[in-house]
Amino acid sequence: MKSVYKKYNSFFGIRIKNKYDLKIFLVNLKSVLNDKKNSLRVKKNYLKILDFVKRDLFESGTKGRPRFTLSPNVIKEIQSIDKKDIPSYLVHRYRYEIYPQMRISDDFPPYLQIEPTSICNYRCVFCYQTDNKFNKRSNGFMGHMKLDTFKLLIDQAEGNIEFISLASRGEPLLCPDIKEMLAYTREKFLNLKINTNASLLNERISHSILESGVKTLVFSADAADTNLYSKLRVNGKLERILKNIKRFKEIQKKNYSDTKIITRVSGVKVNNQQNLNEMEKYWGELVDQVAFVNYVPWENVYESKKTAIQTPCSDLWRRMFVWWDGKANPCDVDYKSKLSVGYTKNNNISNLWQSSSYRKLREQHIKKLRRNVSPCNRCVVV
Ligand SMILES: C[S@@+](CC[C@H](N)C(=O)[O-])C[C@H]1O[C@@H](n2cnc3c(N)ncnc32)[C@H](O)[C@@H]1O
Ligand code: SF4
């Protein structure tokens, strides 16, 4: 499988429904940002960032700082939230995009990924779930997050971290408490995302998702053809997830037409048989966006060849991961947590993010010494 040196989760290609007029969008955005009452929700210490955002979007930027821009999928996110939340959303989007470029970290990670479970019912060929040392229950990597652990994390994140993802190493819908977890996120975050293989997306869970705080729902599917799908998503059946996603769409239309949720079918681009036009034809009617993300060769990272990459990894300033057992990790390419910075049960998110071990790791990357750190020396993410 061909790999790329790219930002993790970057799009290989994306198709977005309902085009917008950029000029009109920017005029409206400017008036929202200039209305002082809308910035009341931005924390005082972030008001400076709001100035940078305005200068970058409507003037010539700020000397000495990278320029903040809006991609089409981010514009869609902005269009899906309340006007009063837009300044705050942009501040946190700025932290997400610009902090990694400037190597800035403040009290909280811009983005938190919480894993409801590390267990998966699939064995996708490009995923670390194929590593038998990882997926073997007796090796200790597998488990479901307890509801108390989840609530503690959400309580700490609320008001501090606005971008949350409920997925990392496993299939989130397998977690026995997923419905209660989803309910607990309601009205707490500006962008809550969940990635699922959609195999367990039944009627009850569809309602739970639509009633929760989920703003972006990603159905992971890599093909528009039955055989190719099963070849890549081992244990999966295309017909089953098609049926589930159709039912989700019907429930959404019938009962939650006012709920603003962005749906996306997203595949990992691993070979030439996968085609975005075909994906759009197959899935386009059912979801708002159809995309491929770049393949990251993480499924055998500990055994793969060392790379010569010296560029620091952007994730060290962008996101933190918390596994089902409360273990905090700087990334999920390191799916066996060699780089773990501690447990959230002994320490809070903010302390872990600013801990000496996290700082040391960032320093090693800045000093172009990631070659001395495993698995950073075998990883292609920059
Ligand atoms: C690890 S999965 C966990 C959530 C869920 N099981 C699913 O498949 O959506 C999270 C996301 O990572 C993507 N992914 C898996 N392996 C990947 C790889 N090698 N490179 C890039 N993305 C990958 C999946 O397609 C999915 O969207
Ligand atoms: S990509 Fe998702 S569905 Fe596929 S094996 Fe990995 S965790 Fe499971």
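Structure: above.
To start, this report covers the structure provided alongside it. (Residues numbered from 1 in each chain as written. Chains lettered and ligands numbered in written order. Predicted model: local features only at pLDDT ≥ 70, side-chain atom pairs only at ≥ 80, totals over all residues.)

Cys120, Tyr122, Arg123, Cys124, Cys127, Gln129, Gly170, Glu171, Asn197 and Ser220 make up every residue found near ligand 2. Of the residues in the shell around ligand 2, the class split is four nonpolar, four polar and two charged. (Near = placed C-beta within 6 Å. Nonpolar A, V, L, I, M, F, W, Y, C, P; charged D, E, K, R; others polar.)

Along strand β4 (residues 191-196), six of the six residues are buried, which leaves the element largely enclosed by surrounding structure. Residue alternation in β4 divides its side chains into two sets, Asn191, Lys193 and Asn195 and Leu192, Ile194 and Thr196, and both sets are buried. Where strand β3 (residues 163-165) meets β4, three bridges bridge the pair, whose relative direction is parallel. Paired with phenylalanine 163 across the strands is asparagine 191, a residue of β4. Taking the sense of rotation as the criterion, the β-α-β connection linking β3, helix α7 (residues 178-184) and β4 turns out right-handed. Two elements, β4 and strand β5 (residues 216-220), share four bridges in a ladder whose sense is parallel. Its bridge partner lying in β5, asparagine 195 is registered against valine 218. As for the winding sense of the linkage, the β-α-β connection from β4 through helix α8 (residues 203-211) to β5 is right-handed. (Buried ≥ 20, exposed ≤ 12 C-beta atoms within 10 Å, placed from the backbone. Helix = DSSP H or I, 4+ residues; strand = E, 2+ residues; numbered from the N terminus. Pairing = 2+ DSSP bridges. Right-handed = clockwise from strand over helix to strand, strands pointing away.)

Now for the sheet that holds strand β6 (residues 262-269). The 10 strands lie next to each other as β1-β7-β6-β5-β4-β3-β2-β8-β9-β10, forming an open sheet whose pairing is mixed. Two strands in the sheet have a free side with no partner beyond their single neighbour: β1 (11-16) and β10 (342-343). Looking at chain direction, strand β2 (residues 111-114) and strand β8 (residues 319-322) are connected through four bridges and run parallel. From the neighbouring strand, tyrosine 111 faces β8, where its bridge partner is arginine 319. Together, β1, β4, β6 and β7 (289-294) form the strand contacts of helix α3 (residues 72-79), whose direction differs from that of β1 by roughly 45°. (Contact = placed C-beta atoms within 7 Å. Axes fitted to C-alpha atoms, helices over the stretch in contact; angles between N-to-C directions.)

Near ligand 1 you find 17 residues, and of these Phe126, Glu171, Asn195, Ser220 and Val296 are the closest. Those elements giving two or more residues to the shell around ligand 1 turn out to be β4, β5 and β6.

All right, on to helix α6 (residues 147-157) then. Turning to α6, its buried residues number three or more, namely Thr149, Phe150, Leu153, Ile154 and Ala157. In an axial view of α6, the angular spread of the buried residues amounts to 130°, which keeps them on one side of the axis. Exposed residues pointing more than 90 degrees away from the buried face of α6 are listed as Asp148 and Asp155. Contacts from the buried residues of α6 go to β2, β3, α7, β8 and α13 (349-353). Phi turns positive one or two residues past the end of α6, at glycine 159, with a value near 85°. (Arc of directions from axis to C-beta.)

Glancing now at the environment of threonine 62. Within the secondary structure, threonine 62 is located in the loop between α2 (47-58) and α3. Setting aside residues up to four positions removed in sequence, threonine 62 forms contacts with Phe52, Arg55 and Asp56.

In this structure, Leu112, Ile164, Phe219, Val322 and Val333 are the most contacted members of the largest nonpolar core, which totals 88 residues. The element best represented in this core is helix α4 (residues 86-102), accounting for six residues. For valine 322, the contacting residues outside a window of four places in its chain are Leu112, Ile114, Glu115, Leu153, Ala328 and Thr344. (Core = buried A, V, L, I, M, F, W, Y, C linked by C-beta atoms within 7 Å.)

Keep in mind these values describe shape, not function.
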